[in-house]
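# Fold and contact review
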Amino acid sequence: MDFDYSDEQQLLRDSVARFVREEYAFDARKRLIASGQAFSASHWSLFAELGWLAVPLPESCGGLDGSAVDNAIILEEFGRGLVLEPWIPTLTLGAGAIAALGSPAQQQALLARVVAGELQLALAHFESAARYDATAIATRALRHADHWQLDGGKCVVLNAPAADLLLVSAREASGGVAVFLVEPGTPGLRMQPYRNIDGTMAAELLLEGLRLPVDARLGDQPDALPALGILHDRAALLACAEAVGAMAVLLQKTVEYTRTRRQFGVAIGSFQALQHRMADMFIEVEQSRSILMMALLTADSSGDIPRAVSAAKSRIGRAARKVGQEAIQLHGGIGVTEDLDVGHYVKRLIAIEALFGNSDWHLRRFGSAGHAA
Amino acid sequence: MDFDYSDEQQLLRDSVARFVREEYAFDARKRLIASGQAFSASHWSLFAELGWLAVPLPESCGGLDGSAVDNAIILEEFGRGLVLEPWIPTLTLGAGAIAALGSPAQQQALLARVVAGELQLALAHFESAARYDATAIATRALRHADHWQLDGGKCVVLNAPAADLLLVSAREASGGVAVFLVEPGTPGLRMQPYRNIDGTMAAELLLEGLRLPVDARLGDQPDALPALGILHDRAALLACAEAVGAMAVLLQKTVEYTRTRRQFGVAIGSFQALQHRMADMFIEVEQSRSILMMALLTADSSGDIPRAVSAAKSRIGRAARKVGQEAIQLHGGIGVTEDLDVGHYVKRLIAIEALFGNSDWHLRRFGSAGHAA
Amino acid sequence: MDIRFSPQETAFQEEVRRFLADEYPADIRRKMQGGLQLEREDHVRWQQLLARRGWAGVNWPVEHGGTGWTPVQKYIFSTECALAHTPRIVPFGLGMVGPVIYTFGTEEQKARFLPDILASRVWWCQGYSEPNSGSDLASLQTRAVRDGEHYVVNGTKTWTTMAQWAEWIFCLVRTGGPELKPQAGISFLLIDMKTPGVRVSPIRLLDGTPEVNEVHFEDVRVPVENLIGEENRGWTCAKYLLTHERTGIAQVARSRVRIAELRKLAAQTPAGSGGSLLEDAFFLRRLAELETELIALEYTELRTLANLSAGKSPGPASSILKIKGTEVAQALDEFFVEVAGLHALPCVPEQFREGFTGDHVGPGTLAAAAGVYLNNRKASIYGGSNEIQRNIIAKEVLGL
Amino acid sequence: MDIRFSPQETAFQEEVRRFLADEYPADIRRKMQGGLQLEREDHVRWQQLLARRGWAGVNWPVEHGGTGWTPVQKYIFSTECALAHTPRIVPFGLGMVGPVIYTFGTEEQKARFLPDILASRVWWCQGYSEPNSGSDLASLQTRAVRDGEHYVVNGTKTWTTMAQWAEWIFCLVRTGGPELKPQAGISFLLIDMKTPGVRVSPIRLLDGTPEVNEVHFEDVRVPVENLIGEENRGWTCAKYLLTHERTGIAQVARSRVRIAELRKLAAQTPAGSGGSLLEDAFFLRRLAELETELIALEYTELRTLANLSAGKSPGPASSILKIKGTEVAQALDEFFVEVAGLHALPCVPEQFREGFTGDHVGPGTLAAAAGVYLNNRKASIYGGSNEIQRNIIAKEVLGL
């Protein structure tokens, strides 16, 4: 049993932390969002240069085949700085889908470009009527002699507005679900882009008679759902890591604020009722870090990964809500203003709770899983 | 809309409060329990003398046909003093069953004796395998030519050890449930008496070839279950009133204790973290009182009584657990000792939560009830 | 004890319902139900309708043009308004400065200000909090220095709701010196927002709504006749408002309407386990728990009303209404975010503005749920934070 | 990072399991599983078995006859013991006074006391709290006045667990005068309970168990050689114990065993809505939430162990283990009461004593659930109440 980071992991963490410190001051982030861009292309290039983009990808395509712990190291630091760059959409989900489902040729053609930072991806899978049920796909893919035709709709597709390539899931006549490579701008695809509350971007997709070439289908597996399930669990886990980073910052900022904010002639952090609530915030953060660690180590060994992910996502979602609410409440009025960073951490935490299955959804899956002693 | 007690109600409340103050000092109550008795027979006679026993009974038998509010006035004061006398078992359930189901002759023969304080009753209805489902009755009643034969078992029959007459429910061959009058000591009836955690008494009943005369059946209604459901809702509601009385005392005792107990050179009631927790206890007590009032007024008008009772029982059960736990915690070590009254209030609250459907059972019934605007 | 309305009360309820059915403008109702932002003009139009009916001064005594209603009538009125999805009456004029003026003002001040307030001809805002004086209101630093027939006011007020629409502001200002206790040196002053030196700068809240502001005063000259009550006795007015009229803060009827809306949306939302979210026991259990809390709160409010009817003060126990009212409302905010699911993410404020014609993202108002949630976190902070309310219960009710 | 045990650790786990299977007495196991009360002799027999195996001094260094185990080995050992339903090692000798003696005692004291402690030949109890000194331990008033080669001790200790079985007590006593700070005048003294003037009076807890006591000292003469460390420096020993060794207080393995038991019982309990309570979503949701809390707690404990392995102190962050450990255990107590249903009421202590032959009331141990619940409310009070633990986190971790 060993809970220490390796030297390489420690270096990676320091390197990501330095990036966040230097590039993600609150004002710099605000300017980035105000510019209307989804994120900074130069940051993304830097990620490629520093080799980070290789971490999650398979070795066969120039990746490092990093562990869950490796990926989480990056995401936790991203969470500390509310980094906007679409790690999970492009790498975990997009590249992950290509690596899991794509033919060798497709992998060859696309993944090296991902590692080089040249390709942005978006996985369009969930649909309005499906909520978090990743198996309830109503979008249809019909195979014609010389093309595929897709009809349906996808909701809240992360990073879609910036994606060079969309990966769209659809149900084939066989009943299986396949994933298709779709270039933005293809006729029959309507994209309604918007900003999310957390500053990232997403879109609703409408597919009406969307025609795709026959080689647009990712690989030849009869059903992509099992692989997509694994990818979304990975995404959920990394979102948990991000949440832990964000919560740690919220706790720290709240403690600092209450140590300096004076009311009734004293720092409000001297009030015992508030002290106990911050102690409870600390417990929430530490318990979250612990259950994240459990899930990461389970993912890197051979345990029951869905159960572990669900335990972590539901517990951390609960913590995120409480820590976010308390951070705002203890900051008082300025806590609900756009000009203070605190609220933006809370927004990201709300988004994380809503993504990849919310707390109750995961609690249900956890509760109905098998119970080893 | 009117939330005031009438003059008569105010008089009743003062009278019960005086009894509790004078007769139910903590030491007197301890001595009563230590004597091995279930309760004080002289108290019960006093209740009869003061006319209280007439309150819940129908006018046709010398009763006053009191409202739910009237009954609750008595029970709330009983809750303040942890009164042991078996009001709910004998009056609400026992006499209530006779009034609802008995033939005129049975009512005549029995209810006047109840009003006079000469008859103790116990309703044996719930069974181990039924939990709180009042309809899951497995005890069988077989009609023979000249007698009934009952077989089965009943659990946690309140007041059974002191009852002059037991009322035992059993399922007839027709499928309907009937209630039978059973004298203690009848062959075929085995009673295993015990003290409950709250100082009251109860028993497990085992019925093996219990023979009863043909006129032992209460009345001639084909199915007693609807009436028994109403009675148990009434009992639940009065238990809520008792809980509100007990919680109010716990809050008061906790506030008093923390104002006098000194640690670190000051009264512990001056610590803000504890003040806020007592403020929350206060809110729990007041919210409980409010929802009790809602349920009482619904019971006395023509609303959806089961839904109202379930709302109250589940909300008050939640409050009772929190108030009880906080009262102990804020008293510290002495809070868990047998010699302080606080723990005994908590015991009664635990018993109340477990009786007549616990919080979750009622929350489920409330949640599945219809929803008027 | 009796839960039923008297025949008079039932008749009054009918009258209110009829009024709302006949007079409440359909376009405002549509905005309210669709979660659209109201304009200044919407509020004014609605309140002027009430004024014409004689129902604007809900809490005002008859002698000043108020309704003179009993607490039960007020309860009926606010319940019916919530059920009809009307806007809440903007409190600063009718709920706050009006009562202060008819209680503490001179005859001249009453004649000058009350009619415009009652008729919603003048929009008021409230200048209490300052950047360094939040929960500790008495530490406020905005100074008013007497100079002949004027006070010269300097300082900054914050969290001033709808100041961008206001024509007048009522302020707590410091007139006393440091020798006085903090509360003893405060005065209650009315200031015309058009006076030179008054500047309003917006504060954006987390959902982006332009709702609260900072109001800056730089050598603002205010005639002394705008002082309400005595100099250095303004704390009396402030306290009067705090304890005077807290009915309505529990927002029971509004929460009931929102629960009905939530149930409707949940019934249309798949749970991911077969049925709808409303059939899902995990969801249902928490919702049922919240509903029992709301029922209890409703009766806590009714009990407070009954006390008022009996001439008793609502007292500090009404801090419960503030605490539980905001807790229930905020719990509901969370439920809406939960039902929104993935559609909690999109931030598309333009689709909640009048005249939006694009494709609507997310079902109903759900894509606004996170914004509402974030905005409404303020409810447990302002108007005496819930921490301050717990202090009040501990000290004034429990005697700790 | 790696969650797996090393081959050595796995081998050790096997060794512990084998030992428990072979050596742990079946009669004690039966009592533990049936919720029966243990006798003094049961504890002693079990601990002497451990002592013979060399496993009694779990936390002790090898030089004093301890195991010298790594934190991971300790974790494995305590987990396996919990899974095997062994009694917990009574902490007063092996966990508390032993480590104080080998850390602060003289060579003579070590030679005199440690062997008997290690072999469980002498039963110790702890004299810390006093009727007026609970959370504020440093205010204790029991005095020890030097008189030649003795201290004369007067005062009362309370909450002394199992004092009725103890032969020795270790006490914090006041030796310094009022001129010293409260903590600076305290000494750590060992007292033979057979000394004239020592009197034990039982305190009955809410479940009726004779578990804690008051210990009265009236002119008790204690030889000065029973002083551990320096006079007036006893607070150092007390603090050492508080921060030294908190692993195990989270009781993760025990709670896991209890959850398994709870699931078994719930599966046999009708929900009143068709299926069993374990199939009931209302019940299941709360249980699942508790299980995630326990998983998190397990890893919080493992992280603390990892810090210990790395030679770091567990630190004040381990207050989490106390707070969450007791919260989870108490939440489980509530679950058992809930599953008990009506059978939460009967109080039949005799059926949980060895040799009871009557009819058993209620399924399994459920008729004891309310008693366990009540008794275990003490867990969040003693050993530094959870309020004190939150103070520690606020001050020592967060720097507030």
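Residues numbered from 1 in each chain as written. Chains lettered and ligands numbered in written order. Predicted model: local features only at pLDDT ≥ 70, side-chain atom pairs only at ≥ 80, totals over all residues. Heavy atoms only, no water.

### Description of the overall build of chain C
The following threshold applies: Under the scheme used here, helices are H or I runs from DSSP no shorter than 4 residues and strands are E runs no shorter than 2 residues, and both carry numbers assigned from the N terminus. What the globule rule says is 2.2 Å times the number of residues to the power 0.38, and the radius of gyration is computed from C-alpha atoms. For each residue, the accessible area found with a 1.4 Å probe, counting protein chains only, is set against the maximum for its type, and the residue is called buried under 20%, exposed over 50%, and partly exposed in between. For the area figures, the Shrake-Rupley method with a 1.4 Å probe applies, and any residue is considered shielded solely by the protein chains shown. This count recognises Lys and Arg as positive and Asp and Glu as negative, with His and chain-terminal groups excluded. By convention, the point assigned to a charge is CZ for Arg, NZ for Lys, CD for Glu and CG for Asp.
The helix and strand inventory of chain C stands at 12 helices and 8 strands. In terms of C-alpha radius of gyration, chain C reaches 22 Å, essentially the compact-globule figure of 21 Å for 400 residues. Across its three principal axes, chain C shows a C-alpha extent of roughly 75 × 50 × 50 Å. Buried residues in chain C amount to 57% of all 400 residues. When the accessible surface of chain C is split by element, carbon and sulfur atoms take 53% of a total near 16000 Å². With 43 positive and 48 negative side-chain charges, chain C shows a spacing of 2 Å between the two charge centroids.

### Observations regarding the interface of chain D and chain B
Many descriptions give the size of an interface as the accessible area lost when the pieces come together. How we decide: Contact between two residues is taken to exist if any of their heavy atoms lie within 4.5 Å; hydrogens are not considered. When two components associate, each loses some accessible surface as probed by a 1.4 Å sphere; the sum of these losses over both components is called the buried area. A pair is scored as a salt bridge if a Lys or Arg side-chain nitrogen falls within 4 Å of a carboxyl oxygen belonging to Asp or Glu.
Across the contact, 47 residues belong to chain D and 48 residues belong to chain B. Buried area between chain D and chain B, summed over both chains or domains, comes out near 4000 Å², and the portion from carbon and sulfur atoms is 59%. Broken down residue by residue, the surface that chain D buries against chain B is led by D:Leu206, D:Leu342 and D:Leu345, which jointly contribute 20%. Taken together, chain D and chain B are joined by 5 salt bridges.

### Considerations on the domain arrangement of chain A
All names here are of chain A. Where we set the bar: Domain extents, as shown, originate in an automatic or database domain assignment. Throughout this description, a polar contact denotes any pair of N or O atoms lying within 3.5 Å of each other; where both atoms belong to protein, one of them has to be capable of donating a hydrogen while the other can accept it, and for residues adjacent in sequence the pair is counted only when both atoms sit in side chains.
The assigned domain composition of chain A is domain 1 (7-115), domain 2 (121-216) and domain 3 (225-372). Between the C-alpha centres of domain 1 and domain 3 the distance comes to 22 Å. With 23 residues of domain 1 at the interface, the matching set in domain 3 holds 28 residues. Taken together, the two surfaces of domain 1 and domain 3 that pack against each other cover about 2000 Å², and 72% of this comes from carbon and sulfur. Counting every contact that joins domain 1 to domain 3 gives 2 salt bridges. There are 5 residue pairs in polar contact (both at pLDDT 80 or more) connecting domain 1 and domain 3. Contributions of two or more residues to the side of domain 1 that touches domain 3 are made by helix H2 (26-34), helix H4 (68-81) and helix H5 (87-101). Looking at which element gives the most residues to the side of domain 1 that touches domain 3, the answer is H4, with 10 residues.

### As for the domain arrangement of chain C
All names here are of chain C. To be explicit about the condition: Residues are grouped as follows: Ala, Val, Leu, Ile, Met, Phe, Trp, Tyr, Cys and Pro are nonpolar; Asp, Glu, Lys and Arg are charged; every other residue, Gly included, is polar.
Partitioning chain C into structural domains gives domain 1 (7-89), domain 2 (123-232) and domain 3 (250-396). Computed from C-alpha coordinates alone, the two centres of domain 1 and domain 2 are separated by 30 Å. The interface is formed by 6 residues belonging to domain 1 together with 6 residues belonging to domain 2. The junction of domain 1 with domain 2 conceals about 460 Å² of combined surface from both sides, 63% of it contributed by carbon and sulfur atoms. When the buried surface of domain 1 facing domain 2 is broken down by residue, Gln37, Arg40 and His43 rank first, second and third, together holding 86% of it. At the boundary of domain 1 with domain 2, the tally comes to 1 salt bridge. Arg40 is the partner of Glu167 in a salt bridge, and the nearest nitrogen-oxygen pair spans 3.3 Å. Considered class by class, the residues forming the side of domain 1 that touches domain 2 number 2 nonpolar, 2 polar and 2 charged.

### Focus on the state of the cysteines
Throughout this description, disulfide means a covalent bond between two cysteine sulfur atoms. All names here are of chain D. Here is the rule: Working definition: a disulfide is two cysteine sulfur atoms within 2.5 Å of each other.
One pass over the structure, following the stated rule, counts 0 disulfides over all chains. No disulfide involves Cys125; its sulfur sits 7.4 Å from that of Cys171, the nearest cysteine. By relative accessible area, which is 0% here, Cys125 ends up buried.

### As for the pattern of salt bridges
Residues and elements named next belong to chain C. A complete count under the given rule lists 96 salt bridges over all chains for this structure. Between Arg45 and Asp42 there is a salt bridge, and its shortest N-O distance comes to 3.7 Å. Taken as a pair, Arg45 and Asp42 lie in helix H3 (residues 40-53) at a separation of 3 residues, close to a single helical turn. The class of Arg45 is partly exposed, set by a relative accessible area of 27%. Overall, Asp42 belongs to the buried group, its relative accessible area being 3%. Of the charged contacts, one joins Asp333 and Arg258 as a salt bridge, the two residues approaching to 2.8 Å between their closest N and O atoms. Taken as a pair, Asp333 in helix H10 (residues 319-340) and Arg258 in helix H8 (residues 252-267) lie far apart in primary sequence, 75 residues in all. Pair check on accessibility: Asp333 and Arg258 agree, each one buried.

### Quick look at helix H8 (residues 272-300) of chain B
Residue pairs spaced three or four apart in an α-helix point in one direction, given the helix's 3.6 residues per turn. What counts, and what does not: Expected helix span is given by 1.5 Å per residue-to-residue step, counting one fewer step than there are residues.
Look at H8(B): 42 Å from first C-alpha to last across 29 residues, which is about the 42 Å you get at 1.5 Å a residue. A large share of H8(B) lies buried, amounting to 27 of its 29 residues.

### Re the side chain of A:Gln287
The residue A:Gln287 is located in helix H8 (residues 272-300) in this model. Every residue in contact with A:Gln287, bar those within four places of it in the chain, is listed here: A:Arg315, D:Glu293, D:Ala296, D:Leu297, D:Thr300, D:Ile320 and D:Lys324.

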